[in-house]
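Chain by chain, the residues:
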Amino acid sequence: SMRASDAQPSRFEAARARLAELIDANGGRPDNRVSVVVAGSRAGIEIARQPASFAIAALDRLRAGDGAADWAGAAELVATVASAGERATLTVLTDGADEGVAALNTAFAGLSPRRVVIGGPAKANVGLAASIAPAANRPGRWTLSGTLRFASEEPAAATVETFFRPEGAEVF
C-alpha cells in the first residue's frame, strides 16, 4: 500500500520526503543522532545513531517493499538503537493501512510516539507473500504457494507465472 499513488509520486516517496524534512528540522544540533528503522515485510535498521546530514543522504537507499509491515520486529529493533537516559522522539510514518503501529505505542509508551499518516484513506496492504518448497514425494518438483493481495475490497483473480531454477538444478 506504500506504493499507492494517491500521494505523489507514491506514498513511499512522500514518506521519504517527509522523513527528510523531519530530520532536517530536528537535527540541527551536532550532538543529535538519527536512527531509521524500516517496518517492511522484514524489519530492519537502515540508519543507526548517525548525524542528521548523514541520515538525510542515506535516505536514498530506502526502497518500498512488498508485504505487510513487521511492526513487532520494528519495535524490537527500535529498542536496540535507543540509549537509556537520552531524550528521544519516536515518529512513525505510515499509510495507515496497518494497525500494527499499536506495537510501537505499547513498547514505547513513555515516548508518546507521533504518528504521521501519508496518503489518502487507509487501504488494505497490497503485496505478494510466497514460499517455495520441494514437493512431497516428487523428487525434482517444487511447490510454490502464496497470497496475492490487492488494495480493492472487491475479490479479484490474478494469474501469476513464475520461472525459477532452484540452486543446484540444471533445468527449469
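Parameters and conventions
Residues numbered from 1 in each chain as written. Predicted model: local features only at pLDDT ≥ 70, side-chain atom pairs only at ≥ 80, totals over all residues. Heavy atoms only, no water. Helix = DSSP H or I, 4+ residues; strand = E, 2+ residues; numbered from the N terminus. Buried < 20%, exposed > 50% of the residue type's maximum accessible area, 1.4 Å probe, protein only. Contact = heavy atoms within 4.5 Å. Areas by Shrake-Rupley, 256 points an atom, 1.4 Å probe, with all protein chains shown as cover. Pairing = 2+ DSSP bridges. Patch = residues over 30% accessible without salt bridge, like charges linked within 9 Å, V, L, I, M, F, W, Y side chains within 5 Å. Salt bridge = Lys/Arg side-chain N within 4 Å of Asp/Glu carboxyl O. Core = buried A, V, L, I, M, F, W, Y, C linked by side-chain atoms within 4.5 Å.

A. Layout of the overall build of the protein chain. Regarding its fold elements, the protein chain presents 4 helices and 6 strands. Counting helices and strands in the order they occur from the N terminus, the protein chain gives α-β-β-α-α-β-α-β-β-β. In the protein chain, which comprises 172 residues, the share counted as buried stands at 27%. Contacts spanning at least 24 positions in sequence make up 55% of the contacts within the protein chain whose residues lie at least 6 apart. Taken as a whole, the protein chain presents about 11,200 Å² of accessible surface, with 52% of it coming from carbon and sulfur.

B. Quick look at the pairing of strand β2 (residues 43-50). Looking at chain direction, strand β1 (residues 34-39) and β2 are connected through 5 bridges and run antiparallel. Residue pairing across strands places Val34 opposite Gln50, the latter belonging to β2. Connecting the antiparallel pair β1 and β2 is a turn made up of 3 residues.

C. Geometry of a nonpolar patch on the surface. A contiguous nonpolar surface patch, about 280 Å² in accessible area, is contributed by Ile132, Trp142 and Leu144. Residue position: Ile132 is located in strand β5 (residues 127-134). Look at Ile132 and you get partly exposed, because its relative accessible area is 42%.

D. Examining unusual backbone geometry more closely. Of the consecutive residues Gln8 and Pro9, the connecting peptide bond is found in the cis state with omega at -5°. Along the chain, the position of Pro9 falls in the segment before α1 (11-26). Phi is positive for Arg49, which is not a glycine, with a value near 50°. Summarising the element assignment, Arg49 is placed in strand β2.

E. Structural context of the pattern of salt bridges. For the structure shown, the criterion picks out 2 salt bridges. Close ionic contact of Arg16 with Glu13 constitutes a salt bridge, the shortest N to O distance being 2.6 Å. Residue Arg16 and its partner Glu13 are located together in helix α1, separated by 3 residues, close to a single helical turn. We classify Arg16 as buried; its relative accessible area is 14%. On the basis of relative accessibility, which here comes to 29%, the residue Glu13 falls in the partly exposed class.

F. Highlighting the nonpolar core. Counting 12 residues, the largest nonpolar core consists of Phe12, Leu19, Ala20, Ile23, Val34, Val36, Ile47, Ala52, Ala55, Ala58, Leu59 and Leu62. Listing elements by their share of this core, those giving two or more residues are α1, β1 and α2 (52-58). Here this core takes 4 residues from α1, the largest share from any one element. If near-sequence neighbours (up to four positions away) are discounted, Leu59 is found in contact with Arg16, Leu19, Ala20, Ile23, Val36 and Ile47. Counting residues in each nonpolar core, the second largest holds 9 residues, with Trp71, Ala75, Val78 and Leu104 among its members.

G. Fine view of the environment of Gly119. Along the polypeptide, Gly119 turns up in the loop between β4 (114-117) and β5. Note on Gly119: relative accessible area 37%, which makes it partly exposed. Between the C-alpha atom of Gly119 and that of Phe12, which follows or precedes it by 107 residues, the distance is 9.1 Å. Residues within four places of Gly119 in sequence aside, it is in contact with Asp6, Ala7 and Arg11.

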